[in-house]
Amino acid sequence: MKLCNVKIDGTVKLGIGREKDIVLVERALKHFPADGLAANLSDLLAGGEESVRKLDDYRRNLLEFGTLPDGCAIETDKAEFAPCVTNPGKLICIGLNYIKHAEESGLPVPVTPVVFSKFGNALAAHGDPIPLHGQVSGEVDYEAELGIVIGRRAKNVSRAEALSHVFGYCCVNDLSARDLQMRTSQWLLGKTLDLFCPIGPYLVTSDEVGNPNDLTIRCEVNGEVRQHSHTSDMVFPCDEIVSYLSRYMTLEPGDVIMTGTPEGVMFGYPEDKRVWLADGDVVTVEIEKLGRLTNRMVR
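Owing to the predicted nature of the structure, the values given are computational and were not obtained by experimental measurement. (Residues numbered from 1 in each chain as written. Predicted model: local features only at pLDDT ≥ 70, side-chain atom pairs only at ≥ 80, totals over all residues. Heavy atoms only, no water.)

(A) Seen up close, the packing of aromatic side chains. A complete count under the given rule lists 3 aromatic pairs for this structure. Pairing phenylalanine 81 with tyrosine 202 gives two aromatic rings, centres 6.1 Å apart and planes at 80 degrees, and the pair type is edge-to-face. In this pair, phenylalanine 81 is assigned in strand E5 (residues 81–82) and tyrosine 202 in the loop between strand E14 (197–198) and strand E15 (203–205), connecting sequence segments 121 residues apart. In this pair, the class of phenylalanine 81 matches that of tyrosine 202, namely buried. (Phe/Tyr/Trp six-rings, centres within 6.5 Å; stacked < 30°, edge-to-face > 60°. Helix = DSSP H or I, 4+ residues; strand = E, 2+ residues; numbered from the N terminus. Buried < 20%, exposed > 50% of the residue type's maximum accessible area, 1.4 Å probe, protein only.)

Below is the structure:
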């Protein structure tokens with residue numbers, strides 16, 4: 001399923017993405033009641049595999065009705081999205097996880113995963129304007145990344161069982177203020193400025209994605225392709241990342257793991273050719289099967 005969160009009358013509602021529209025689960029339930037169905041993402045994650053199965057069965061049954069009653073769905077291009085995960089307990093990032101990105105950054109290819117974090121203040125949605133924070137930074141960069149969303153508690157899990165703890169996947173833009181990031185050995189300050197973590201628009205369930213290490217990943221700035229790679233090029237693949245992290249911290253449903261960015265970021269350009277993101281720039285992250293995440297940069 002392609003799930004999303006959309007803003008309706010000031011509140012966030014769970015939606016199911018279709019080809020041209022989004023079914024609003026809460027409104028559909030008023031016309032087609034179903035017992036024990038999760039109507040928001042938090043309940044869906046808490047309910048585990050059984051909760052997802054019920055919602056997927058409900059979705060399939062809705063298809064039989066054809067045109068839904070007025071108000072049950074909203075056209076995709078008219079939707080105001082919220083982050084596809086609205087309240088993650090953790091936003092965990094993996095750095096330098098593509099060989100060519102490590103090389104372009106002038107840093108060694110890691111032998112163990114490089115782990116850092118963002119905080120909840122950085123969350124943003126598809127379509128949100130993203131502030132450049134010009135009062136504190138002049139070097140804002142894009143980073144297209146595959147996001148892993150945990151669906152089942154994971155502690156000390158093996159690589160073989162790691163992906164069974166994953167709920168789904170999403171597009172992420174790990175925006176980075178490079179001047180702040182590289183000011184000290186700790187990257188945090190340049191990574192977690194307000195709204196520096198757009199995610200979505202969709203959270204696609206793992207059964208629909210299949211192998212997360214077999215996806216094309218791209219980033220465009222103002223329509224120009226800057227990054228074009230494949231998740232198979234990761235130094236540490238998704239199953240290894242989940243297993244590794246679970247040795248040191250308990251991963252909980254709703255936690256988001258960002259798996260690193262491929263080559264092509266502005267930080268990898270020669271210093272005299274770096275053109276940092278500017279007011280009005282439109283950045284799009286696109287990952288195969290997951291959709292397109294687009295945001296405009298603003299002063």
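Structure's up, so let's keep going.
(B) Quick look at the nonpolar core. In terms of nonpolar packing, the biggest core is built from 58 residues, with Val242, Ile257 and Leu277 touching the most fellow members. With 5 residues, helix H8 (residues 238–248) is the single largest residue contributor to this core. Setting aside residues no more than four positions away along its own chain, leucine 277 makes contact with Leu132, Val140, Asp141, Tyr142, Leu175, Val221, Val283 and Met297. One finds Cys93, Phe116, Trp187 and Cys197 within the second-largest nonpolar core, a separate group that totals 39 residues. (Core = buried A, V, L, I, M, F, W, Y, C linked by side-chain atoms within 4.5 Å. Contact = heavy atoms within 4.5 Å.)

(C) Highlighting the pairing of strand E6 (residues 91–95). Burial analysis of E6 places 5 of its 5 residues in the buried class, which makes it a mostly covered element. Of the two faces of E6, the one lined by Leu91, Cys93 and Gly95 and the one lined by Ile92 and Ile94 are each fully buried. In this structure, E6 lies alongside strand E7 (residues 114–118), joined through 5 bridges in antiparallel fashion. When the bridges of E7 are listed, cysteine 93 appears paired with phenylalanine 116. Pairing of E6 with strand E18 (residues 256–258) involves 3 bridges; the strand directions are parallel. If you follow isoleucine 92 over to E18, its bridge partner there is isoleucine 257. (Pairing = 2+ DSSP bridges.)

(D) Representation of the layout of surface pockets in the model. Taken as a whole, the largest pocket spans an internal volume of roughly 250 Å³. Lining the largest pocket are 17 residues, with Glu49, Val52, Val166, Phe167 and Ser206 positioned closest to its centre. Of all the secondary-structure elements, those providing two or more residues to the lining of the largest pocket are helix H2 (41–63), strand E12 (166–173) and helix H7 (206–209). Counting residues per element, the lining of the largest pocket draws most heavily on H2, which supplies 7 residues. Taken as a whole, the second largest pocket encloses approximately 200 Å³ of empty space. Elements with a minimum of two residues in the lining of the second largest pocket: strand E2 (11–17) and H2. (1 Å grid on protein atoms, 1.4 Å probe; cavity = no way out; pocket = protein on both sides within 12 Å on 5 of 7 lines; lining within 4 Å. Points joined across faces, edges and corners; volume = space filled by probe spheres on them.)

Fair warning: the whole summary comes from geometry, so function is off the table for now.
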